[in-house]
Amino acid sequence: MTVGESNPPASPRPRAHQDPASAAPTASRASRGSVWIVSAGVFVVNLDLFIVNVAVPALGDSFEGSSLSSLSWVLNAYAIVFAALLVVAGRLADRYGHRRGFLLGLAVFTVASALCALAPDVGWLVAARVLQAAGAAALIPTSLALLLVGTPPERRPQAIRGWAAIGGIAAGLGPVVGGLLVEADWRWVFLVNVPVGVVGLVAGARLLPDTRPDREGRLPDLVGAALLTLAIGALALGLVKADAWGWSSPGVVVALLAVVVLTAAFLLRSARHAAPVIELPLLRTPAFAAATLAALLFTVAFAAMLLTSVLWCQQVWGYSAIRTGLAIAPGPLVVPLLAVTSGPVVRRLGAGRTAALGCLLFGAGLAWWATALGTDPRYATGFLPGMLITGIGVGFALPTLVGAAAAALPPTRFATGSAVTTMARQTGAVLGVALMVTLLGTPAASEAALDGFRQGWWVAVATAVLAAAAALTLPRPAPEVRRA
């Protein structure tokens, strides 16, 4: 059967005009082509995260009068919708086909990127980012499913680490690419996605495998997705506005109470719905639950690191966008190398210990910044060591946690399960950005700003330590498995 053939004949006879020996290279080329297409889609989505962060100060200059709290919604609106729709999109892809889900997601992401570039104000940009997130939510879980469905079980951990390494490569290039694009115009940060998306759509329609969908699956819980969106949004609103409104203000109190009510309603509905956003029994799987919780906590610290590093370089040290990108790049560049080569460490220590080591290293890098950085620019002795240590931490922690979560899933739940893990990470990203906005207030190039940044970094350190503790609860494999 050639790649993409969803209904093979009952008898596996080759077509008369085609030599079976020549069919294998054709299928192999198609398979390699599908890997490149999926990789390109994952790459642009991950690249978008880093280049948009670098562009935040430029957005403030372009949209005069916009505060950090309002600009944070350019990041948070994306993350909230992404988190809420990931499982819904994964379930729809399981039902209607992963190729359809991937191509639809890539198309929506591409169109939304163009709309972001045309934004005349912050409101337009946030709305376009919501649409962009919907496309990304369809693309990410289906990308992993497309890779894993055709991968033998013994090679799936390697495939997962390769998939995670794509994000690491995007992370390494993102700050530099973002700096270059912002120097020209921040709108190029979004326009760069368009040609990649167009090429991916044309090639994907021809080469991506058309797996058999689960037509009997129930439709996903859209009401539950709406409740989750509102709950995360209310939490972000309460945290972002706490500094301006006050923690005891009616607005913040109402927002936090809404979080409790909406979360309770969401969990109750998830327990009763035939196709919930989160399958609660999945969370009773020890490895999956531990890895997902650790990934959420780790991403809180990671999002805090990413936002504060950009704001520190540009608003405290006065770096340009391209110089900021170059300053940040060494850390992310470490990630793909470790993501691919850390397999022996995982086999020796186990996933839990490896991920915990990464979380603690990440926290150590942030602690370095909190103790070593000052308002006088000292990149080589102050900023660079912390960035390299955090990069090593990400390389050990994040791919290991993603791999541990996916390894606990049956093949029929690859798309849905990976969506739950990614949803947790996006929720962590919302919390990380919102916490930093609250702790920083209005960053300025002064000693007062230094106190806010240090407080934010110590909070992120504490979160990284909690992530390490959660990772250590991952069940350890039997001795014979670890030696394999």
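Residues numbered from 1 in each chain as written. Predicted model: local features only at pLDDT ≥ 70, side-chain atom pairs only at ≥ 80, totals over all residues. Heavy atoms only, no water.

**Notes on the overall build of the protein**
- Each helix and strand in the protein was counted, giving 18 helices and 0 strands.
- Residues classed as buried in the protein amount to 55% of the 484 residues present.
- Carbon and sulfur atoms provide 66% of the accessible area of the protein, an area that totals close to 20000 Å². (Helix = DSSP H or I, 4+ residues; strand = E, 2+ residues; numbered from the N terminus. Buried < 20%, exposed > 50% of the residue type's maximum accessible area, 1.4 Å probe, protein only. Areas by Shrake-Rupley, 256 points an atom, 1.4 Å probe, with all protein chains shown as cover.)

**Overview of the pattern of salt bridges**
- Tallied over the entire structure, the rule returns 2 salt bridges.
- The closest approach of N and O atoms between arginine 129 and aspartate 48, which form a salt bridge, is 2.6 Å. Residue arginine 129 is located in helix α4 (residues 122-149), and its partner aspartate 48 is located in helix α1 (residues 20-62); the two are separated by 81 residues in the primary sequence.
- On the basis of relative accessible area, arginine 129 is assigned to the buried category, the value being 2%.
- The class for aspartate 48 is buried, based on a relative accessible area of 0%.
- In this structure, aspartate 221 engages arginine 269 in a salt bridge whose closest nitrogen and oxygen atoms are separated by 2.7 Å. Here the residue aspartate 221 occupies a position in the loop between α7 (193-207) and α8 (222-245), and arginine 269 occupies one in helix α9 (residues 250-272), the gap between them amounting to 48 residues.
- On the accessibility criterion, aspartate 221 (2% relative accessible area) is buried. (Salt bridge = Lys/Arg side-chain N within 4 Å of Asp/Glu carboxyl O.)

**Things to note about the packing of helix α2 (residues 68-96) against α8**
- Packing of α2 against α8 leaves a shortest axis separation of 9 Å and a crossing angle of 155°. Relative to α8, the element α2 lies roughly antiparallel. At the point where α2 passes α8, the crossing takes the right-handed sense. Contacts between α2 and α8 involve Ser69, Ser72, Trp73, Asn76, Ile80, Ala83, Ala84 and Val88 from the first element and Leu222, Ala225, Leu228, Thr229, Ile232, Gly233, Ala236, Leu237, Val240 and Lys241 from the second. (Axes fitted to C-alpha atoms, helices over the stretch in contact; angles between N-to-C directions. Parallel < 35°, antiparallel > 145°, perpendicular 65-115°, else oblique. Left-handed = near helix turned anticlockwise from the far one by under 90°. Contact = heavy atoms within 4.5 Å.)

**Quick word on the packing of helix α10 (residues 286-316) against helix α14 (residues 351-372)**
- Look at α10 against α14: their axes get within 11 Å of each other, and the N-to-C directions meet at 30°. With respect to each other, α10 and α14 are oriented roughly parallel. Considering the relative orientation of α10 and α14, their crossing is left-handed. Of the residues in α14, those touching α10 at Phe298, Ala301, Phe302, Met305 and Ser309 are Gly358, Cys359, Phe362, Leu366 and Trp369.
- Per-class residue counts for the contact of α10 with α14 are 8 nonpolar, 2 polar and no charged. (Nonpolar A, V, L, I, M, F, W, Y, C, P; charged D, E, K, R; others polar.)

**What to know about a nonpolar patch on the surface**
- On the surface, a cluster of nonpolar side chains totalling about 440 Å² of accessible area is made up of Val111, Leu115, Leu118, Trp124 and Leu131.
- Counting only elements with at least two residues in the nonpolar patch, the list comes to α3 (98-117) and α4.
- Structurally, the position occupied by leucine 115 is in helix α3.
- Residue leucine 115 is classed as partly exposed on the basis of its relative accessible area, which comes to 30%. (Patch = residues over 30% accessible without salt bridge, like charges linked within 9 Å, V, L, I, M, F, W, Y side chains within 5 Å.)

**Brief notes about helix α12 (residues 330-341)**
- Counted at 1.5 Å a residue, the expected span for α12 with its 12 residues is 16 Å, and the 18 Å between its end C-alpha atoms agrees.
- For α12, the full list of buried residues reads Gly331, Pro332, Val334, Val335, Pro336, Leu338 and Ala339. (Expected span 1.5 Å × (residues − 1).)

**Considerations on the packing of aromatic side chains**
- All chains considered together, the criterion is met by 14 aromatic pairs.
- With a centroid separation of 5.6 Å and an interplanar angle of 50°, the aromatic rings of tryptophan 317 and tyrosine 319 are classed as tilted. Of the two residues examined, tryptophan 317 and tyrosine 319, each falls in the buried class.
- A ring pair is formed by tyrosine 379 and phenylalanine 383, whose centres lie 5.8 Å apart and whose planes are at 25°; its orientation type is stacked. Here the residue tyrosine 379 and the residue phenylalanine 383 both occupy positions in helix α15 (residues 379-407), the gap between them amounting to 4 residues, near one helical turn. (Phe/Tyr/Trp six-rings, centres within 6.5 Å; stacked < 30°, edge-to-face > 60°.)

**Some points on the side chain of serine 270**
- By the secondary structure assignment, serine 270 is in helix α9.
- With near-sequence residues (within four places) excluded, serine 270 lies in contact with Pro276, Val277, Ile278 and Leu280.

**A word on α7**
- Taking 1.5 Å of rise per residue, 15 residues should cover 21 Å, and α7 covers 20 Å from first to last C-alpha, within 8% of that figure.
- What α7 keeps buried is the set Asn193, Gly197, Gly200 and Gly204.

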